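Structural overview
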Amino acid sequence: LADAWASVWRRACAPPPDAFAAGRAEPAVLLTPDEIADDAKWLAGRASVAIFLLAPDIWDEALASVSWKGILAALPATLKARMSARVAAVNAAVTEALRDAPNAVAIDRTALLRAGEVQEHTHVSRRASVAVAEAVVEALGRLC
């Protein structure tokens, strides 16, 4: 299951073609948000309990730490907007797909972030990490 999910993640989170065109990423064939949601549903169907930590919107400058803002500033605004939109679309599709699953939950990591907590890529502040851990514990309590 872990290998299957890692494969889904790579195809879901790889940079879009415009990032490659800007020389900032390798090309990737991406799954659609609905395909990712179908894969998440399939994975949840094979697990006794499945907790999906949704990718945070690391492209939102309001959530970025000072150092990450510096990196984001070098990226075109249209690219950041498209990356944010992709994260939002994938997260919404996975959340909807798992809405009625009795053994699965999707945890919205973006909703747990405060201004300045995204440090780089998907690394966040200690407070945000604790918030995610607390959400996981709460989800386990509901699912088990």
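What comes next concerns the included structure. (Residues numbered from 1 in each chain as written. Predicted model: local features only at pLDDT ≥ 70, side-chain atom pairs only at ≥ 80, totals over all residues. Heavy atoms only, no water.)

**A word on the overall build of the chain**
For the chain, the count of helices and strands is six helices and four strands. Each helix (α) and strand (β) of the chain, taken in turn from the N terminus, gives the series α-α-α-β-α-α-β-β-β-α. Residues classed as buried in the chain amount to 37% of the 144 residues present. Considering only contacts in the chain between residues 6 or more positions apart, those separated by 24 or more positions represent 70%. Surface summary for the chain: the accessible area is close to 8,200 Å², and the carbon and sulfur share equals 58%. (Helix = DSSP H or I, 4+ residues; strand = E, 2+ residues; numbered from the N terminus. Buried < 20%, exposed > 50% of the residue type's maximum accessible area, 1.4 Å probe, protein only. Contact = heavy atoms within 4.5 Å. Areas by Shrake-Rupley, 256 points an atom, 1.4 Å probe, with all protein chains shown as cover.)

**Side note on the pattern of salt bridges**
Overall, the coordinates contain four salt bridges when judged by the stated rule. One salt bridge connects R99 with E96, and the closest N-O pair in it is separated by 2.9 Å. In this structure E96 comes out as partly exposed when scored by relative accessible area, which is 47%. Two residues, R127 and E117, come together in a salt bridge whose shortest N-O distance is 2.7 Å. Of this pair, R127 sits in helix α6 (residues 126-143) while E117 is found in the loop between β2 (104-108) and β3 (118-120), placing the two residues ten residues apart along the sequence. A relative accessible area of 8% means that E117 is categorised as buried. (Salt bridge = Lys/Arg side-chain N within 4 Å of Asp/Glu carboxyl O.)

**Overview of the environment of S125**
Along the chain, S125 turns up in the loop between β4 (123-124) and α6. It is 8.7 Å that separates the C-alpha atoms of S125 and L113, two residues lying twelve residues apart in sequence. Those residues in contact with S125, other than ones at most four positions away along the chain, are E117 and Q119. A distance of 3.2 Å separates a polar side-chain atom of S125 from the backbone nitrogen of A128. (Polar contact = N/O pair within 3.5 Å; in protein donor to acceptor, adjacent residues only side chain to side chain.)

**Looking at the packing of aromatic side chains**
Within the structure shown, the criterion is met by one aromatic pair. Ring centres of W59 and W68 lie 6.5 Å apart, and the angle between their planes is 50°; this geometry places the pair in the tilted category. One exposure class covers both W59 and W68, and it is buried. (Phe/Tyr/Trp six-rings, centres within 6.5 Å; stacked < 30°, edge-to-face > 60°.)

**Digging into the nonpolar core**
Formed by 15 residues in total, the largest nonpolar core has its most connected members in A44, F52, V94, L98 and A104. Looking at this core, the elements with two or more residues in it are α3 (33-45), β1 (50-54) and α5 (77-98). The contact partners of A44, leaving out residues within four places of it in the chain, are A50, F52, L98, N103 and A104. Core analysis: the next-biggest nonpolar cluster, separate from the first, contains 14 residues, I58, L79, L113 and V124 among them. (Core = buried A, V, L, I, M, F, W, Y, C linked by side-chain atoms within 4.5 Å.)

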